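Breakdown of the fold
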Amino acid sequence: DAGITQSPRYKITETGRQVTLMCHQTWSHSYMFWYRQDLGHGLRLIYYSAAADITDKGEVPDGYVVSRSKTENFPLTLESATRSQTSVYFCASRHKTGVDGYTFGSGTRLTVV
Amino acid sequence: AQSVSQHNHHVILSEAASLELGCNYSYGGTVNLFWYVQYPGQHLQLLLKYFSGDPLVKGIKGFEAEFIKSKFSFNLRKPSVQWSDTAEYFCAVKGFQKLVFGTGTRLLVSP
């Protein structure tokens, strides 16, 4: 979807390295989210943000850090990557009312070796 | 806490067969429900949503879902599937500030 961009699309990194996944949206949506998608688990929420400078933990936040200094950006950082963090990561955003559901980015496939 | 159960993990159908995917939710507040579809290698796209009103919701590509409050269900249906419906389908409930997803159902439609 053109309004929400994730980068990179694919990333291979080594265990212990720091990795940052980027997410940018052009709608000025208040809310932004990071999910990881794993077989058998569906999508699990890592972190979310209700507005700039407001972030909160989701279901599986351990090992991840987020920031939201600007409304349009919501980077996700793996401070010290582990093999268990190999996954597909999706960023999403929504208007504060939520009536239109969420819009997802194209995802980042991260492999930790 | 809110939760979503999708009991069918894998479904295989022939083209023109009818489809029904189960979704049960648990949430004590006002219920907002969604079905998303993920085609192979792509991101999630919204199929349909229920916020209030008519419990039978029509979405894109001929899909519909029925909200049955007494059964805590929001099953997805399509009268006649096509090969292009091969995808993974996720049911979700909107909790406080965030969506909670089910584990998904992989649908394979054979030509």
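Our subject is the structure that appears above.
Let me begin by describing the structure that accompanies this report. Every value quoted in this text rests on a predicted model; they were computed, and no experiment measured them. (Residues numbered from 1 in each chain as written. Chains lettered and ligands numbered in written order. Predicted model: local features only at pLDDT ≥ 70, side-chain atom pairs only at ≥ 80, totals over all residues. Heavy atoms only, no water.)

What follows concerns the overall build of chain B. For chain B, the helix and strand inventory stands at zero helices and 12 strands. For chain B, the sequential pattern of α-helices and β-strands runs β-β-β-β-β-β-β-β-β-β-β-β. Whereas a compact globule of 111 residues would reach a radius of gyration of roughly 13 Å, chain B reaches 13 Å, a difference of no more than 12%. Viewed in the frame of its principal axes, chain B has a C-alpha envelope of about 40 × 30 × 20 Å. Sorting the 111 residues of chain B into buried and exposed places 50% on the buried side. For chain B, the proportion of contacts with a sequence separation of at least 24, taken over those separated by at least 6, is 54%. Summing over all exposed atoms, chain B offers an accessible surface of approximately 5300 Å²; the carbon and sulfur share of this is 55%. (Helix = DSSP H or I, 4+ residues; strand = E, 2+ residues; numbered from the N terminus. Rg over C-alpha atoms; globule rule 2.2 N^0.38 Å. Buried < 20%, exposed > 50% of the residue type's maximum accessible area, 1.4 Å probe, protein only. Contact = heavy atoms within 4.5 Å. Areas by Shrake-Rupley, 256 points an atom, 1.4 Å probe, with all protein chains shown as cover.)

As a further point, take the pattern of salt bridges. Per the counting criterion, the structure on display carries eight salt bridges over all chains. Residues arginine 17 of chain A and glutamate 14 of chain A are paired through a salt bridge, measuring 3.3 Å at the closest nitrogen-oxygen approach. (Salt bridge = Lys/Arg side-chain N within 4 Å of Asp/Glu carboxyl O.)

On to the interface of chain B and chain A. Taken together, the contact pairs 20 residues of chain B with 24 residues of chain A. When chain B packs against chain A, the two sides together hide about 1700 Å² of surface, and 56% of this comes from carbon and sulfur. When the buried surface of chain B facing chain A is broken down by residue, His43, Gln97 and Lys98 of chain B rank first, second and third, together holding 32% of it. In this structure, the connection of chain B to chain A is made through zero salt bridges. Between chain B and chain A we count four residue pairs in polar contact (both at pLDDT 80 or more) in total. Looking at the side of chain B that touches chain A, the elements that each hand over two or more residues are β5 (33–38), β6 (44–50), β10 (87–94) and β11 (99–101) of chain B. Here the residues of the side of chain B that touches chain A sort into eight nonpolar, seven polar and five charged. (Buried area = accessible area lost by both parts, 1.4 Å probe. Polar contact = N/O pair within 3.5 Å; in protein donor to acceptor, adjacent residues only side chain to side chain. Nonpolar A, V, L, I, M, F, W, Y, C, P; charged D, E, K, R; others polar.)

Within the fold, glycine 105 of chain A resides in the loop between β10 (103–104) and β11 (108–112). As for glycine 105 of chain A and histidine 24 of chain A, which are separated by 81 residues in sequence, their C-alpha atoms are 8.9 Å apart. With near-sequence residues (within four places) excluded, glycine 105 of chain A lies in contact with Ile4, Gln6, Phe90 and Cys91 of chain A together with His43 of chain B.

Below, the discussion takes up the sheet that holds strand β3 (residues 19–25) of chain A. Residues and elements named next belong to chain A. One open sheet holds the four strands; their spatial order is β1-β3-β8-β7, and the pairing between them is antiparallel. Two strands bound the open sheet, and with one partner strand each, they are β1 (4–7) and β7 (64–66). On average, each strand axis in the sheet is tilted by 15° relative to the strand beside it, whichever way the strands run. (Pairing = 2+ DSSP bridges. Axes fitted to C-alpha atoms, helices over the stretch in contact; angles between N-to-C directions.)

On inspection of all chains with the given rule, the structure shows two disulfides over all chains. Paired by a disulfide, cysteine 23 of chain A and cysteine 91 of chain A hold their sulfur atoms 1.8 Å apart. Here cysteine 23 of chain A and cysteine 91 of chain A share a disulfide; its torsion about the S-S bond, -75°, makes the bridge left-handed. Taken as a pair, cysteine 23 of chain A in strand β3 and cysteine 91 of chain A in strand β9 (residues 87–94) lie far apart in primary sequence, 68 residues in all. This pair shows no difference in class: cysteine 23 of chain A is buried, exactly as cysteine 91 of chain A is. Here cysteine 23 of chain B connects covalently by a disulfide to cysteine 91 of chain B, the sulfurs 1.9 Å from one another. For the disulfide bridge between cysteine 23 of chain B and cysteine 91 of chain B, the dihedral angle about the S-S bond is near -65°, and by the sign convention the bridge is left-handed. Placement of cysteine 23 of chain B in the loop between β3 (19–21) and β4 (24–26) and of cysteine 91 of chain B in strand β10 is noted, with a sequence separation of 68 residues between them. The same class applies to cysteine 23 of chain B and to cysteine 91 of chain B, which are both buried. (Disulfide = S-S within 2.5 Å.)

Okay, the packing of aromatic side chains next. Counted by the stated rule, this structure contains 19 aromatic pairs over all chains. Each ring, one from phenylalanine 104 of chain A and one from phenylalanine 101 of chain B, has its centre 5.9 Å from the other, and the planes form 70°; the classification is edge-to-face. With phenylalanine 104 of chain A in strand β10 and phenylalanine 101 of chain B in strand β11, this pair bridges two chains. According to the relative accessible area criterion, phenylalanine 104 of chain A is buried, its value standing at 0%. Ring geometry for phenylalanine 34 of chain B versus phenylalanine 51 of chain B: centroids 5.6 Å apart, planes at 90°, classification edge-to-face. Of this pair, phenylalanine 34 of chain B sits in strand β5 while phenylalanine 51 of chain B sits in the loop between β6 and β7 (56–58); the two residues are 17 residues apart in sequence, bridging distant segments of the chain. (Phe/Tyr/Trp six-rings, centres within 6.5 Å; stacked < 30°, edge-to-face > 60°.)

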